[in-house]
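# Survey of secondary and tertiary structure
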Amino acid sequence: MRIPFHNTVARMPGRMTAPLAALTLAVLALAPLAMAQAPGTRERQIRAALVYKVSRFVTWPEAAIPARGPFTFCHVSDDPTAEVLAGIEGRSIQNRRTRMRRLDAADARTVAGCNLLYLTGRSALTSEVITASVAGAILLVVDDPREGAEAGMVQLVSHDNRMSLAVDLALVRNARLRIDSTLLQLAEVRQ
Amino acid sequence: MKHPSEARTRTLLIVLLATLPSTLVHAAEDFLDLNLREVLDLDITTASRKPQSVSQAAAAVYVITAEDIRRSPARTLPDLLRTVPGLQVASITTSTWAISARGLNGRNANKLQVLIDGRSVYSPLFGGVYWDAQDTALADIERIEVVRGPGGTLWGANAFHGVINIITRSAASSQGTQLSLSGGDEEKFAATLKHGGQIGDDAHYRFYVKGFDRDASRLASTGASARDGWRAGAAGARLDFGSEESSAYTLQGDYYYGEAGEPSVLNLLRPPYRLYQPTETHYEGASVLGRWQRQVGESDSFTLQGFVDFTRRDWTAHTEEKRVTWDLDFQYHLRSLPRNDLIIGIGMRQSDDSYAAATRHIPADVLQFVQGQSGGGVQRLFSLFAQDDISLVPDDLTLTLGAKVEHLPETGSEISPNARLLWTPAGSWSIWGAVSRAVRTPTRVDLRGKVVAAVEPPASYVISQPEVLRGFNQIISPLPIVLQQGSGRVIAERVVSFEAGVKHRFSETLGVDVSAFRNEYDRLRTAQLVPPLCQPGGGTAPACLLASPPGSVQYLIENSPVGNRTDGYGQGVELALDWMPVGPLRLQGALTVFKSLTEADYAAGEFETDRDSGTPRTQWSLTALWNAGRNTDLTLALRQVDKTSPAIGIEVDGYTELDARLAWRPRQNLELALHGRNLLHGRHQEYASELLDIALTSVERSVFGQVSFKF
């Protein structure tokens, strides 16, 4: 981009205003209309991305996942959340293709065959589901547990306009799961 | 002849209309491709803009975020740095700045390490940074970390007073297309086009192209144009592939080209001896960087990084420089030892250069500033470092011990140890202290070659051009006298720095960060006045003048040997404030109070080559960010800098200035902004080159508009 040097003492270049104005009008006329997002979509997207990222730092025991089968990602969620989680379908977790499975409710029967269970929007977590998860090496991820309520293995906590993670390491170990220390560095570890 | 900017605009309009999508679909954002840290850094509600949580670093760190950059009235990297506490940014011409932290600033300030994505950008010729060549798409910057204080171990050489680390976004987090155009009076025209996309599941790329044309500033003496207009272009691309959980790879490349005018003052051995004549610097460069990060076992990782950097700079009357720099760095991060977080690293850098006289469009007998550097050379630097964060009391008290060894074959090895203590008694408090030693390894000019600082006319000669600086007029000589420096050798300069700081979050809306420091200097560079020599003929003046036949001696030469005989101190306090008095308003304040005193052995005729008086005693800035409505925001940045004396005989008054930015987003992906810079005065002076090679210029008030849209 070689531009010949010339000595200009330019003020507001009148020649620039007309093209720039025309440009602005052209853009305003042709620019795509903004797709208004449903309130809370961004937060759901961040949570979905966080669960997906977390799953990438966890190792499941060989026996828990069928050799050539899919990785089963189960969730209990409302419609907007399910729509956002659908983006994970087909992506790779534990070197296997992810299959999303939406559950109406979580109990010992419905969670059979899941590798990861994500309970959104503070759905109640029962001790029955916890026992089934530990036995079946299911990674239990919950949103913002209430004070005193069961908190699962990994919690997504929102604080100060950011998401953060908390991990119940003992429960994770009981389920024969292993979490990479890279993730533990960034999470609050609750013993 | 058509005005060149018209042709440019037309081309851009065509490009724009051709790339506008024909459908009205706007892709929804998802964050599934970001890495874990990036997802944890996302704001849940972008409208809320809560301040950052208290930093966990045992150092004086200030971070300029991508959001700060978006809201800032500044459009160049140096201008973005003006509101950082402890950092001094002073404009010399449209394309040159004097930037340093904690003192000893100057056009060729060599006390700061500057990195762009891990690539060191200081020039081994003088140790300073050519700020005109450091450019990237501002929207691609994820954050700029400014660490004041000796960077010590982790970063490359010469983190003497601090480190500026410019980190660009990963390709995955800069997807989509964005075009921004601006036009105005000083910022005549600028355009940036960037695009990011994906290849398959695991690879992301982005690239950018930018160009601009900036108007000349004005001469301080006559008010005429300083002929320092600046036109430049840059382009870059980045490819990220692999995954953070196993192996991640990055490949980056950049290219830049520019032409910048300079209101030069040239040196001659015949009348007028000091000649004001505008010249033009042409510079060009490219770099390629590759990085490989890999997880090892459960908790460890390593990073291997290499880059190659080519630059060519035709700096009229100074030197024409060609340089190739190779760098290879390896770092291993060991986390498996309980309570220890250890990083060890090894690096090597080699720089091949060649120099020639730069004589474009100037009289053939002008004395070049850089002498004796013809031909070229090779410079190598080896470094080895280790740093351990030891958790003495988990979550409360951390001790960091580190050391770096730098080896330059010409001058040997220097060790820079540092120790830091961080106490975090509660989530809202962070108290730290540090002791570190750092060195500034000798530059090319320090080791070989000479510099012609100026020619002083004979006492009887009257300089008629008002643009010429008369800084050296204390020297009275019947003949012209050439002031040259460089015989002898400069070895590494040293500093021991004692620092402490407190960061406290009073409430969700008020946070304060205070740091204090004392730098003890040793072996700073000096030059020494010696009896001048007669040329031709030799012999020392005044004896040689009396002994020679009248008229046979044509000029004198003051050949100052250089050495390391300055010591002294620098000390100061830096404060940063972040306050949200009411919901939509946020105030960011910075205050710096500083003093330095460095002295050589004046009785022996020695003088320090870096000036104390080039740094202001105080400076402050206050930035107000007001979210006026859902789609409108206003930024006002008020800043004040105390008076300075950047060169011998040159005094620059203190000044206060205001920058502003008003932005409106009528659509989600369209932003219109009006920028005003230096609004309080028609023009004002900020600095001068300590080499007295540039006529004094003043920065003018500037207003420009910017249109940005995303596809």
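A quick note: this is a predicted structure, and the numbers were derived from the prediction, not measured.

All right, on to the overall build of chain B then. Along its length, chain B carries six helices and 39 strands. Since a compact globule built from 711 residues should have a radius of gyration of about 27 Å, the 26 Å found for chain B is in line with a globular shape. In terms of its C-alpha atoms, chain B occupies a principal-axis envelope of roughly 85 × 65 × 45 Å. Contacts spanning at least 24 positions in sequence make up 66% of the contacts within chain B whose residues lie at least 6 apart. For chain B, the exposed area adds up to about 27,100 Å²; of that, 60% sits on carbon and sulfur atoms. Side chains of chain B carry 69 positive and 81 negative charges; the gap between the two charge centres is 3 Å.

In this section: the state of the cysteines. All names here are of chain A. Per the counting criterion, the structure on display carries two disulfides over all chains. Each sulfur in the disulfide pair cysteine 74 and cysteine 114 lies 1.9 Å from the other. On the S-S bond that ties cysteine 74 to cysteine 114, the torsion sits near -95 degrees, and the link is left-handed. One end of the pair, cysteine 74, is in strand S2 (residues 71-76); the other, cysteine 114, is in the loop between strand S4 (96-102) and strand S5 (116-119), and 40 residues separate them in sequence.

Together, Leu304, Leu328, Phe330, Ile346 and Leu384 of chain B line one region of the surface with nonpolar side chains, adding up to about 420 Å² of accessible area. Tracing the chain through its elements places leucine 328 of chain B in strand S16 (residues 319-334).

With that settled, the discussion passes to the sheet that holds strand S37 (residues 683-684) of chain B. Spatial strand order, S11-S38-S37 (chain B): three strands in an open sheet with antiparallel pairing. Two strands close off the open sheet at either side, each with one partner strand: strand S11 (218-219) and S37 of chain B.

When the pLDDT values of chain A are averaged, the result is 78; 79% of them are 70 or greater. Of the regions scoring below 50 in pLDDT, residues 1-36 of chain A engages in 60 contacts with residues more than four places distant in sequence or in other chains.

Residues and elements named next belong to chain B. Assignment of secondary structure puts alanine 492 in the loop between strand S24 (481-488) and strand S25 (493-507). Through-space distance from the C-alpha of alanine 492 to that of threonine 443 is 9.1 Å; in sequence the pair is 49 residues apart. Those residues in contact with alanine 492 that lie beyond four places of it in its chain are Glu414, Val439, Arg440, Thr441, Pro442, Arg523 and Asn564.

On to helix H4 (residues 127-135) of chain A, then. Residues and elements named next belong to chain A. By the burial criterion, the buried members of H4 are Val129, Ile130, Ala132 and Ser133. Relative to the axis of H4, the buried residues are bounded by an arc of 165 degrees and lie together on one face. Turned more than 90 degrees away from the buried face of H4, the exposed residues are Thr131 and Ala135. The inward-facing, buried residues of H4 contact S5, strand S6 (139-143) and helix H5 (169-174). A positive phi of about 50 degrees marks alanine 137, the residue just after H4.

So, about the side chain of aspartate 578 of chain B. Within the secondary structure layout, aspartate 578 of chain B lies in strand S28 (residues 555-582). Reaching out from aspartate 578 of chain B, the side chain makes a polar contact with the side chain of arginine 586 of chain B at a distance of 2.7 Å.

Turning to the sheet that holds strand S6 (residues 141-148) of chain B, a few remarks are in order. Residues and elements named next belong to chain B. A sheet is described by the order of its strands in space; here five strands give the open sequence S1-S6-S7-S4-S5, paired in mixed fashion. Looking along the sheet, the strands with just one partner apiece sit at the ends: strand S1 (60-65) and strand S5 (119-120). Pairing of S1 with S6, which is carried by six bridges, proceeds in the antiparallel orientation. Among the inter-strand pairings, alanine 60 is bridged to a residue of S6, identified as arginine 148.

About the criteria used
- Residues numbered from 1 in each chain as written.
- Chains lettered and ligands numbered in written order.
- Predicted model: local features only at pLDDT ≥ 70, side-chain atom pairs only at ≥ 80, totals over all residues.
- Heavy atoms only, no water.
- Helix = DSSP H or I, 4+ residues; strand = E, 2+ residues; numbered from the N terminus.
- Rg over C-alpha atoms; globule rule 2.2 N^0.38 Å.
- Contact = heavy atoms within 4.5 Å.
- Areas by Shrake-Rupley, 256 points an atom, 1.4 Å probe, with all protein chains shown as cover.
- Lys, Arg positive; Asp, Glu negative; His and termini not counted.
- Charge placed at Lys NZ, Arg CZ, Asp CG, Glu CD.
- Disulfide = S-S within 2.5 Å.
- Patch = residues over 30% accessible without salt bridge, like charges linked within 9 Å, V, L, I, M, F, W, Y side chains within 5 Å.
- Salt bridge = Lys/Arg side-chain N within 4 Å of Asp/Glu carboxyl O.
- Pairing = 2+ DSSP bridges.
- pLDDT = per-residue confidence, 0-100.
- Buried < 20%, exposed > 50% of the residue type's maximum accessible area, 1.4 Å probe, protein only.
- Arc of directions from axis to C-beta.
- Polar contact = N/O pair within 3.5 Å; in protein donor to acceptor, adjacent residues only side chain to side chain.

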